[in-house]
Amino acid sequence: MTEIYQLTLYDLIEKIKSKEISCEEATKSYVDRAKKSQKLNCFIEETFDQALDKAKNQSGKIDTSKKLFGAPFAVKDLFCTKGIQTTASSKMLEGFKPEYESTVTSKLWDEGANLLGKLNCDEYAMGSSNETSYFGNVINPYRNDKDLVPGGSSGGSASAVAAHLTSATVGTDTGGSIRQPASFTGTVGLKPTYGRCSRWGIVAFASSLDQAGPMTKDVRDASLLMEVISGHDNKDSTSAQIKQEVFSQKLTKDIKGLKIGIPKEYKIDGMSKEIIDLWDKGIEIVKSSGCEIKEISLPHTKYALPAYYIIAPAEASSNLARYDGVRYGFRAEGKDLIEMYENTRSLGFGDEVKRRILIGTYVLSSGYYDAYYLKAQKVRRLIKNDFDQAFKSVDTILTPTTPSAAFAIGENVDDPISMYLNDVLTVPVNLAGLPAISIPAGYDQNNLPLGLQLIGKSFDEQTVLNNAYAIEQSINFKPNFKDWWM
Amino acid sequence: MSEKEFDYYLKGEKGEYEVVIGLEVHAQVLSDAKLFSSSATKFGSEPNSQVSLVDAAMPGMLPVINKFCVEQAVKTGLGLNAKINTFSKFDRKNYFYADLPQGYQISQFKHPIVGEGKVILDMPYGTKEVGIERLHLEQDAGKSIHDQDPKNSFVDLNRSGIALMEIVSKPDLRSPGEVGEYIKKLRSIMRYLNTCDGNMEQGSLRADVNVSVRKKGSKEFGTRCEIKNVNSIKFMQQAIDYEARRQIELIEEGNEVDQETRLFDTKKQETRSMRSKEDAHDYRYFPDPDLLPLRLEDSYIEDLKKGLPELPDHKKQRLISEFKLSNYEASVIISDQAVSTYYEEVAKNSDYKLASTWLMGELFATLNKEGKDITESPVSAVNLAKMINLIKDGTISGKIAKTVFEEMIKNDVDPSKIVEDKGLKQTSDPKEIENIVDKVLETNQDKVEQYKSGKDKLFGFFVGQVMKEMKGKGNPQMINDILKNKLK
Amino acid sequence: MTITKDTVKKISKLSRIASNEKFEENMIKDLNAILKFVDQLNEVKIENIEPLASTVEQELIKRDDEVKKMNEKKDILINSPEENDDFYVVPKVIE
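Residues numbered from 1 in each chain as written. Chains lettered and ligands numbered in written order. Predicted model: local features only at pLDDT ≥ 70, side-chain atom pairs only at ≥ 80, totals over all residues.

### Considering the overall build of chain B
Part 1 of the reasoning: Along its length, chain B carries 15 helices and 17 strands.
Part 2 of the reasoning: Taken against the 2.2 N^0.38 rule, which gives 23 Å for 488 residues, the C-alpha radius of gyration of chain B at 30 Å runs more than 25% over that of a compact globule.
Part 3 of the reasoning: Evaluated residue by residue, chain B yields a buried proportion of 44% over its 488 residues.
Part 4 of the reasoning: A fraction of 68% describes how many contacts in chain B between residues 6 or more apart in sequence connect residues 24 or more apart. (Helix = DSSP H or I, 4+ residues; strand = E, 2+ residues; numbered from the N terminus. Rg over C-alpha atoms; globule rule 2.2 N^0.38 Å. Buried ≥ 20, exposed ≤ 12 C-beta atoms within 10 Å, placed from the backbone. Contact = placed C-beta atoms within 7 Å.)

Here is the structure:
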């Protein structure tokens, strides 16, 4: 028998609207499971009682016009939620309760979703394994002989979706933070075109790269959630003035005639045969769906990660200057203002955040700006040009999402560069501002999930979703973890 | 006209020094809402009552630009005869301070909205052109209050995020006097444009003053010091004088002037090094990723140009040519737009010259005494013009007019009514005057003799006696003429 | 370019992060590794390339000059570490 929590978001809402399941039952199913899943450490803040109260209220007042009516919904703790602790997984913001709600999450509640809690992530979204969180690492429901990381930074979100602790969730993606954890947990993660979703009310990491997006059990859920959270917001100057779309209604697996690019530069040194085989499997599927495969070149791919590790820390060093112990959050003692600042920021931020602030400060400082920051922005232009060129002849680009499957907790923590290399296939997309999705494509020899990434043209999420939907239907990926943590 | 010569050179032991000054004027934009948020900009409100989540730099808050502030900056640029840049960008200037909530100030570094321009000053030694380097838009900071608690400072963010125009001059100024005139000129231009109220007591106009000295005749610039945030012309002038002398002393003792940021202590009247700015010189400017470039259409700039009011320099020339005012009179009248409007209304309806005389004489004295400005004048322009017309047509004498004016201050009514009610009308009947003149000469036979034997000064005595007889209402010109005739 | 102890001290100061011997040692190692990694960019020909700061290609959105109350005074003071009804309170600032 299928448990309620196993249903996709789409099916759950259908059943609630058709009164097969009550809102209360739906919420209770997730709450019960979440309570038994503390070991995974997905939640930083639980709002189970409020969720149950709200669900009770919703039962009997079914509003079929609302797209997410009754859906229990935990969100990444980077979204500010009114009156509910919002920490960005940092000691710096422990206890901080914003007096406002982010645009993206207000859209969820407006459509009838129901907040279950706030999900763990890397501190200020800086990390690829969820190990930089002040609230401890998150554990992947998939494991071999050791506990594995869920990826990051939206690691709590990915684990929570995979382990059925939320019907779906929203994450944020600056360099791969939605797609890489989706890949590590056998879930679907979509990073929309930069500007598609409002950044208002999301704790900023790197403003020119940050983008919120859906993390779901399948592609149809992603398309539904995408149409809810996207749209122009006049409170965000970088928000795209583009009309609202109904992605779920236009979703189709008929992708006949689509031209799909395979970038040769994404076959990086040391990539495992399993990943290459999976990639080939994806290529075969789209071929058999009537797509045309084209080998393409994105010559500056190799330089995306180095450029990213200049641009993102530079923006972060400035974005995180507001955490100074004056107006909110953590404050350490100091004999004067400067000492208070220095102690607060030294004790309030974790090592990875400090590393990035320092590198960001360095690359912007006088004498180094041209050599680092300006150069990185020029390389960013070249990377975008590569994609622009490629998209003249193809509709989407198919690649693996990550160069490896989930790794053991602690495996990469001492070597920042090897940790950064996790994002080598996802980062170019952020630099170019494009939409990209990761979908589960199969398992490696250790039974760990692996993802494929589809990259689309600016604001062409629909084609990306359709393409992903076609592959998903053909692969028919099934989660295969046991509830070992219960 | 003989012009004075520029003479502000400071004497040291080893020669004379020239002082080189450049100003970074911070002018608060007149707007209802802040530059990047919808909070109010009102001065003097309850602390932290005009602070939005954006102004307090809450996590995830984002800036959206106020289009009117952009318009105000463009208008000001046009008023400074400056190049308006159709492409400009916002950068972050990064530094930590308690009243800077974001940890950076949104400013314009590489691409300001306004480029080079110029301002003309009227100095006693002729006109002086001061180059404008640039004008850019930026956010104002909040205020820290240091004197209420021995251990703590208090932060009020009401001012945080109000739009500022930073107007950077070239190092063209050479004396405290020129600095004073420059500030007054900028203020006047911005008041004409209604882009900044120029209220220095409330801090809506303040400046960082860059001062260096060099030997008279030298072409090289010396090392400069920046005196931060001076908020009155008097303090700027005192600070410059002190700072220049300090630098000369250092140089003459064989020491170097350190390029540094200094503070003017208004009580001690001296400048001192600012501790808090010691290591803040690396601002790590970079383009603000929360904002996009600001592009302006040529037609937008043209439209604003067409809508500009007449500015002080132009008005002055016009007053000189149209109303035959002296350079001095015109300068005084145009320095305040409201004064010039008042003047024009009086002049157009009466007499150019008398209008200027009465405005700058009696009316200014009255305003001064009552501590009012021209917009609160107890005498309206309409009634002052009517009064001048009564002088012109001989209804009242200039002397009687002063009495009438006194009455008008108390009660701003049509002066002809005052003349009527108080019976102040002038007697211009030649017969009547002749009779009284005859009577006066008759009773003062001895004086008439003395006058005729050469004591010319007695003429005034006769005029006075006639006036006295006529209770001050005789037409002075006619009394003069008739007396002269009779005494021949 | 290499990051020395002095560089770490300088950028820690600029970033307002307290520094000590151990922190400096760790950061010298990590930051130099990162710099070495990003130095790959030196291989790229960037002559005549316009820097790209944002991928958004639209005009800057502008707001009317209207005062709108977004929040109450208490909403911005409520999370302040030092409780006060009117001000943010910080250790004495020496100017």
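### With respect to the overall build of chain C
Part 1 of the reasoning: In terms of helices and strands, chain C carries three helices and two strands.
Part 2 of the reasoning: Secondary structure elements of chain C, listed N to C terminal, follow the sequence α-α-β-α-β.
Part 3 of the reasoning: Scaling as 2.2 N^0.38, a compact globule of 95 residues should have a C-alpha radius of gyration of about 12 Å, whereas chain C reaches 22 Å, well beyond that.
Part 4 of the reasoning: By principal-axis analysis of the C-alpha atoms, chain C measures approximately 55 × 45 × 25 Å.
Part 5 of the reasoning: Evaluated residue by residue, chain C yields a buried proportion of 32% over its 95 residues.

### Notes on the pairing of strand 14 (residues 261-265) of chain B
All names here are of chain B.
Part 1 of the reasoning: Covered by surrounding structure in strand 14 are R262 and F264 only, the residues T261, L263 and D265 on the alternate face being uncovered.
Part 2 of the reasoning: Here strand 13 (residues 225-230) runs beside strand 14; their pairing, made up of three bridges, is parallel. Residue pairing in the sheet places I227 in a bridge with R262 of strand 14.
Part 3 of the reasoning: For the segment spanning strand 13, helix 3 (residues 233-252) and strand 14, crossover handedness is left-handed.
Part 4 of the reasoning: In the sheet, strand 14 pairs with strand 15 (residues 270-273) via four bridges, with the strands oriented antiparallel. Note on strand 15: the bridge partner recorded for L263 is R272.
Part 5 of the reasoning: A loop of four residues connects strand 14 with strand 15, the two strands running antiparallel in sequence, and Q269 in this loop sits at a positive phi of about 55°. (Pairing = 2+ DSSP bridges. Right-handed = clockwise from strand over helix to strand, strands pointing away.)

### A look at the packing of helix 9 (residues 304-319) of chain A against helix 12 (residues 369-390) of chain A
Residue and element names in this part refer to chain A.
Part 1 of the reasoning: Relative to each other, helix 9 and helix 12 sit at 125°, their axes nearing to 9 Å. As far as their axial angle goes, helix 12 and helix 9 are oblique. Remark: the crossing between helix 9 and helix 12 carries left-handed chirality. Across the interface between the two elements, A304, A307, I310, I311 and A314 of helix 9 pack against Y372, Y373, A376, Q377, V379, R380 and I383 of helix 12. (Axes fitted to C-alpha atoms, helices over the stretch in contact; angles between N-to-C directions. Parallel < 35°, antiparallel > 145°, perpendicular 65-115°, else oblique. Left-handed = near helix turned anticlockwise from the far one by under 90°.)

### What about the domain arrangement of chain B?
Part 1 of the reasoning: Here the domain parsing of chain B yields domain 1 (9-305), domain 2 (310-422) and domain 3 (430-486).
Part 2 of the reasoning: One C-alpha centre belongs to domain 1 of chain B, the other to domain 3 of chain B, and the line joining them spans 66 Å. (Domains from an automatic or database assignment.)

### As for the environment of A:I275
Part 1 of the reasoning: Mapped onto the elements, A:I275 comes out in helix 8 (residues 273-288).
Part 2 of the reasoning: When neighbours within four sequence positions are excluded, A:I275 is seen to be in contact with A:P400 and A:L450.

### Quick word on the pairing of strand 8 (residues 292-296) of chain A
All names here are of chain A.
Part 1 of the reasoning: Alignment of strand 7 (residues 259-263) against strand 8, held across five bridges, turns out to be parallel. Bridge pairing in strand 8 links G261 to K294.
Part 2 of the reasoning: What joins strand 7 to strand 8 is helix 8, and the crossover it makes is right-handed.

### Observations regarding the interface of chain B and chain A
Part 1 of the reasoning: Between chain B and chain A, the contact holds 25 residues from the first and 32 residues from the second.
Part 2 of the reasoning: Of the residues in the side of chain B that touches chain A, the class split is 17 nonpolar, four polar and four charged. (Nonpolar A, V, L, I, M, F, W, Y, C, P; charged D, E, K, R; others polar.)

### Focus on the sheet that holds strand 5 (residues 91-94) of chain B
Residue and element names in this part refer to chain B.
Part 1 of the reasoning: Strands sit in the order 6-5-16 across an open sheet of three strands; the sheet is antiparallel. In the strand order of this sheet, the two ends are held by strand 6 (104-107) and strand 16 (286-287), each with one partner.
Part 2 of the reasoning: Relative to strand 6, strand 5 is paired through four bridges, and the arrangement is antiparallel. Note that in strand 6 the partner of K93 across the bridge is Q105.

### Quick look at the interface of chain A and chain C
Part 1 of the reasoning: Tallying the contact residues gives 56 residues for chain A and 41 residues for chain C.
Part 2 of the reasoning: Going through the elements one at a time, helix 9, helix 10 (337-348), helix 11 (351-364), helix 12 and helix 13 (416-420) of chain A are the ones with two or more residues in the side of chain A that touches chain C.
Part 3 of the reasoning: Ranked by residues supplied to the side of chain A that touches chain C, first place goes to helix 12 of chain A with 11 residues.
Part 4 of the reasoning: Its residues assigned to classes, the side of chain A that touches chain C comprises 25 nonpolar, 16 polar and 15 charged.

### Some remarks on helix 11 of chain A
One turn of the α-helix equals 3.6 residues, which is why residues spaced by three or four share an orientation.
Part 1 of the reasoning: Over its 14 residues, helix 11 of chain A runs 20 Å from end to end, which matches the ideal 20 Å to within 8%, given 1.5 Å per residue.
Part 2 of the reasoning: Burial within helix 11 of chain A is extensive, with 12 of its 14 residues counted as buried.
Part 3 of the reasoning: For helix 11 of chain A, every residue scored as buried is listed here: A:V353, A:K354, A:R355, A:R356, A:I357, A:L358, A:I359, A:G360, A:T361, A:Y362, A:V363 and A:L364.
Part 4 of the reasoning: Against the buried residues of helix 11 of chain A lie helix 9, helix 12 and helix 13 of chain A, strand 16 of chain B together with helix 1 (5-15) and helix 2 (21-38) of chain C. (Expected span 1.5 Å × (residues − 1).)

### Looking at the nonpolar core
Part 1 of the reasoning: Within the largest apolar cluster, 256 residues are counted, with the highest numbers of intra-cluster contacts made by A:A307, A:I310, A:I437, B:A73 and B:V209.
Part 2 of the reasoning: Looking at this core, the element that brings in the most residues is helix 9 of chain A, giving 10 residues.
Part 3 of the reasoning: Beyond its immediate sequence surroundings of up to four residues, B:V209 is in contact with B:I21, B:L23, B:I227, B:V230, B:M236, B:A239 and B:I240.
Part 4 of the reasoning: Counting 32 residues, the second largest nonpolar core, distinct from the first, contains B:V339, B:Y342, B:L390 and B:I391. (Core = buried A, V, L, I, M, F, W, Y, C linked by C-beta atoms within 7 Å.)

### What about helix 1 of chain C?
Part 1 of the reasoning: Considered for burial, the residues of helix 1 of chain C that qualify are C:T7, C:V8, C:I11, C:S12, C:L14 and C:S15. Looking straight down helix 1 of chain C, one finds that the buried residues subtend no more than 160° of arc, so they occupy a single side.
Part 2 of the reasoning: Those residues of helix 1 of chain C that are buried are in contact with helix 9 and helix 11 of chain A together with helix 2 of chain C.
Part 3 of the reasoning: Positive phi appears at C:R16, one or two residues downstream of helix 1 of chain C, with a value of about 55°. (Arc of directions from axis to C-beta.)

### Looking at the confidence of the model for chain C
Part 1 of the reasoning: In this model, chain C carries a mean pLDDT of 94, and residues with pLDDT of at least 70 account for 98%.
Part 2 of the reasoning: Scoring of the predicted complex yields 0.92 for pTM and 0.97 for ipTM. (pLDDT = per-residue confidence, 0-100.)

### Regarding the sheet that holds strand 4 (residues 169-173) of chain A
Residues and elements named next belong to chain A.
Part 1 of the reasoning: The eight strands lie next to each other as 4-6-5-10-11-9-7-8, forming an open sheet whose pairing is mixed. Where the open sheet ends on each side, the last strands, each with one partner, are strand 4 and strand 8. Averaged over all pairs of adjacent strands, the angle between strand axes in this sheet comes to 30°, irrespective of strand direction.
Part 2 of the reasoning: Where strand 9 (residues 396-400) and strand 11 (residues 449-456) come together, five bridges link them in antiparallel fashion. Each residue of the ladder has a partner; that of I397, found in strand 11, is I455.
Part 3 of the reasoning: Packed on one face of the sheet, helix 15 (residues 461-475) meets strand 9, strand 10 (436-443) and strand 11 and runs near 10° to strand 10.

### Concerning unusual backbone geometry
All names here are of chain A.
Part 1 of the reasoning: The peptide bond linking G152 to S153 adopts the cis configuration, its omega dihedral lying at 10°.
Part 2 of the reasoning: Note on placement: S153 falls in the loop between strand 3 (114-119) and helix 5 (155-162).
Part 3 of the reasoning: Although it is not a glycine, N447 adopts a positive phi angle of roughly 65°.
Part 4 of the reasoning: Checked against the element boundaries, N447 lands in the loop between strand 10 and strand 11.
Part 5 of the reasoning: Accessibility expressed as a C-beta count within 10 Å gives 12 for N447, which makes it exposed.

### Quick word on the environment of C:S15
Part 1 of the reasoning: Mapping C:S15 onto the fold places it in helix 1.
Part 2 of the reasoning: Ignoring sequence-local partners within four residues, the contact set of C:S15 consists of A:S317, A:I357, A:L358 and A:T361.

### A few points about the packing of helix 11 of chain A against helix 2 of chain C
Relative orientation and spacing of two packed helices are given, respectively, by the angle between their axes and the distance between those axes.
Part 1 of the reasoning: One way to put it is that helix 11 of chain A packs onto helix 2 of chain C with a least axis distance of 11 Å and a crossing angle of 60°. Viewed along their axes, helix 11 of chain A and helix 2 of chain C adopt a mutual orientation that is oblique. The handedness of the crossing between helix 11 of chain A and helix 2 of chain C is right-handed. The residues of helix 2 of chain C that touch helix 11 of chain A, namely those facing A:R355, A:L358 and A:I359, are C:M27, C:D30, C:L31 and C:I34.
Part 2 of the reasoning: Considered class by class, the residues forming the contact of helix 11 of chain A with helix 2 of chain C number five nonpolar, no polar and two charged.

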